[in-house]
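# An overview of the molecular structure
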Amino acid sequence: MPELPEVEVTRRSFANRITGATIQGVRMGKPLRWPLQCEPAVLVGMRVRGVRRRGKYLLIDLSDGLLLVHLGMSGSVIFDRHLPPAGVHDHFDMVTDLGTLRLHDPRRFGAVVFAAGESDPVAQKLLGHLGVEPLDDGFDPAAFLAGLRQRKAPIKQVLLAGEVVVGVGNIYASEALFLAGIRPTSPANSISKPRVAKLHAAVKDVLSRAVEKGGSTLRDFSNANGESGYFQLEANVYGREGAPCRVCATPVRAIRQGQRSTYYCMVCQKR
Ligand SMILES: [Zn+2]
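Given the structure is predicted, the values throughout are model-derived calculations rather than measurements.

### A short note on the packing of helix α3 (residues 141-149) against helix α6 (residues 193-212)
Here α3 crosses α6 at 115°, and the two axes come no closer than 9 Å. Relative to α6, the crossing made by α3 is right-handed. For the pair α3 and α6, contact is made by Pro-141, Phe-144, Leu-145, Leu-148 and Arg-149 and by Lys-193, Val-196, Leu-199 and His-200, respectively. Looking at side-chain class alone, the contact of α3 with α6 contains six nonpolar, one polar and two charged residues.

Next up, the structure:
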């Protein structure tokens, strides 16, 4: 599943090249998770002003509105001057004078949604609840601590919920908790201030390293097998059930939390 680093890497892969393009046509494939919310013809003639990211959404700013793109479970976006004819899993093609933007999504949990602007109810429904961006300056230790103090759910699930800080997915949550020495099942409001500070630094560290390394390999985005990623190669705990902890050699444990796998070391992450 594409996580924040993959979405950010995707954004960087085409943001500069598509900026300034004029939309010439839109082709829709099979229905995606949510409808486009406008007739495709409405987009024709609009100019692309830039591409931002909010959480795991790509925000394509247009001269008269906004496209929100989500990659879902298995989606990938490509922008190129010359693309092959749309295949069975290509469900959105936006043709511009600078190239075609294509969403490839075998499982169709992704979506492209048009909104009049970011404050439009359509956009707010998707973006309104999102927490601060982990890689922005607004994500500071004090605000993070304040957010965790209000929540008694297990810390791993609070991270995944995205309301305190957005975009820390399953892989990166397990890795950040390991680096901070925090047990994933600990209630969020029970974690001491110094350890919250360590977790804050660990979240920034794992995500920025993943963006630097290119997220998962872009190639893997079209692989529908779920949580492939860069950390499968270099992870401390993620996906390493039974393997020796890289710090203390205790076998890494796997548990289920909210239907997701969590990996941790009993010794390095005591509470
Ligand atoms: Zn250990």
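### Thoughts on the sheet that holds strand β4 (residues 65-70)
Taking strand neighbours across the sheet as the criterion, the four strands line up as β2-β3-β4-β8 in an open arrangement whose pairing is antiparallel. The open sheet has two edge strands with one neighbour each: β2 (48-54) and β8 (111-115). For this sheet, the mean angle separating the axes of adjacent strands, direction not counted, is 20°. Where β4 meets β8, five bridges bridge the pair, whose relative direction is antiparallel. Counterpart to Val-69 in the pairing with β8 is Val-112.

### Some thoughts on the coordination of the zinc ion
Coordination of the zinc ion by the protein involves Cys-245 (SG), Cys-248 (SG), Cys-265 (SG) and Cys-268 (SG), with metal-donor separations of 2.3 to 2.4 Å. Counting residues between consecutive donors of the zinc ion along the chain gives the motif C-x2-C-x16-C-x2-C. Highlighted residues: Cys-245 in the loop between α7 (231-234) and β9 (253-257) and Cys-268 in the segment after β10 (260-264), separated in sequence by 23 residues. For Cys-245, a relative accessible area of 4% corresponds to the buried category. Classification of Cys-268 by relative accessible area gives partly exposed; the value is 24%.

The rules behind each value
Residues numbered from 1 in each chain as written. Predicted model: local features only at pLDDT ≥ 70, side-chain atom pairs only at ≥ 80, totals over all residues. Heavy atoms only, no water. Axes fitted to C-alpha atoms, helices over the stretch in contact; angles between N-to-C directions. Helix = DSSP H or I, 4+ residues; strand = E, 2+ residues; numbered from the N terminus. Left-handed = near helix turned anticlockwise from the far one by under 90°. Contact = heavy atoms within 4.5 Å. Nonpolar A, V, L, I, M, F, W, Y, C, P; charged D, E, K, R; others polar. Pairing = 2+ DSSP bridges. Donors = N, O, S within 2.8 Å, 3.2 Å for Na, K, Ca; no water. Buried < 20%, exposed > 50% of the residue type's maximum accessible area, 1.4 Å probe, protein only.

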